[in-house]
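Residues per chain are reported as follows:
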Amino acid sequence: MTRKRTEIKKIDNLSARQVTFTKRRRGLIKKAHQLSTLCDAEIALIIFSSTGKLFEFSSSSTEQVIERHINLHSEKSLNPSAQQQVDDIPCALRKDLSDRARELRHLRGEDLHELNLDQLNQLEKSLKGIRMYILSSASLFSALFLVRGLIT
């Protein structure tokens, strides 16, 4: 027999709401504890009941986790206008931008330690292709200048 799916909406009956809150709070804390144990994750869980009572769980120190979150968040928001612009770019474009920036760093000879042998060979082919393009463009331009010089 399967369990009946509960519709997620506010429970009108006050005592039923309190019982559900208590059971779900315990379940949430249990899951947070399991996640921290199984995955060695640093977790801080803060819950305020409707009456304002505080419940908390932390795998280490709640204050340390919150401080770490605040520090990480403040680093991201050092330049709010730039951060807002980045947040406005859709996720797919951000990933593409990141990939292209990484490719450019590789073409400049930076961060090559993160490439495997196949990727290094591909990079070498790309650089040879770029070199051939530049040489053919240069010879095309020099031929154009020679022709113009001869005609005028």
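Look up a bit, the structure's there.
Residues numbered from 1 in each chain as written. Predicted model: local features only at pLDDT ≥ 70, side-chain atom pairs only at ≥ 80, totals over all residues. Heavy atoms only, no water.

### What to know about the nonpolar core
Consideration 1: Listed in full, the 6 residues of the largest apolar core are Ala 32, Ile 43, Leu 45, Ile 47, Phe 55 and Phe 57.
Consideration 2: Contributions of two or more residues to this core are made by strand E1 (44-48) and strand E2 (54-58).
Consideration 3: If near-sequence neighbours (up to four positions away) are discounted, Ile 47 is found in contact with Phe 21, Arg 25, Leu 28, Lys 53, Leu 54 and Phe 55. (Core = buried A, V, L, I, M, F, W, Y, C linked by side-chain atoms within 4.5 Å. Buried < 20%, exposed > 50% of the residue type's maximum accessible area, 1.4 Å probe, protein only. Helix = DSSP H or I, 4+ residues; strand = E, 2+ residues; numbered from the N terminus. Contact = heavy atoms within 4.5 Å.)

### Describing the pattern of salt bridges
Consideration 1: All chains considered together, the criterion is met by 4 salt bridges.
Consideration 2: With its nearest N and O atoms 2.7 Å apart, the salt bridge here joins Asp 111 to Arg 105.
Consideration 3: Judged by its relative accessible area of 29%, Asp 111 falls in the partly exposed class.
Consideration 4: Overall, Arg 105 belongs to the partly exposed group, its relative accessible area being 29%.
Consideration 5: Put simply, Lys 128 and Glu 124 hold a salt bridge, and the shortest N to O gap is 3.9 Å. Separated by 4 residues within a single helix, Lys 128 and Glu 124 lie in helix H5 (residues 117-151), roughly one turn from each other. (Salt bridge = Lys/Arg side-chain N within 4 Å of Asp/Glu carboxyl O.)

### Side note on a nonpolar patch on the surface
Consideration 1: A cluster of nonpolar side chains, contributed by Leu 104, Leu 107, Leu 127, Ile 130, Tyr 133 and Ile 134, occupies part of the molecular surface with about 560 Å² of accessible area.
Consideration 2: Among the elements that make up the nonpolar patch, the one with the highest residue count is H5 (4 residues).
Consideration 3: Examined against the element boundaries, Ile 130 turns out to sit in helix H5. (Patch = residues over 30% accessible without salt bridge, like charges linked within 9 Å, V, L, I, M, F, W, Y side chains within 5 Å. Areas by Shrake-Rupley, 256 points an atom, 1.4 Å probe, with all protein chains shown as cover.)

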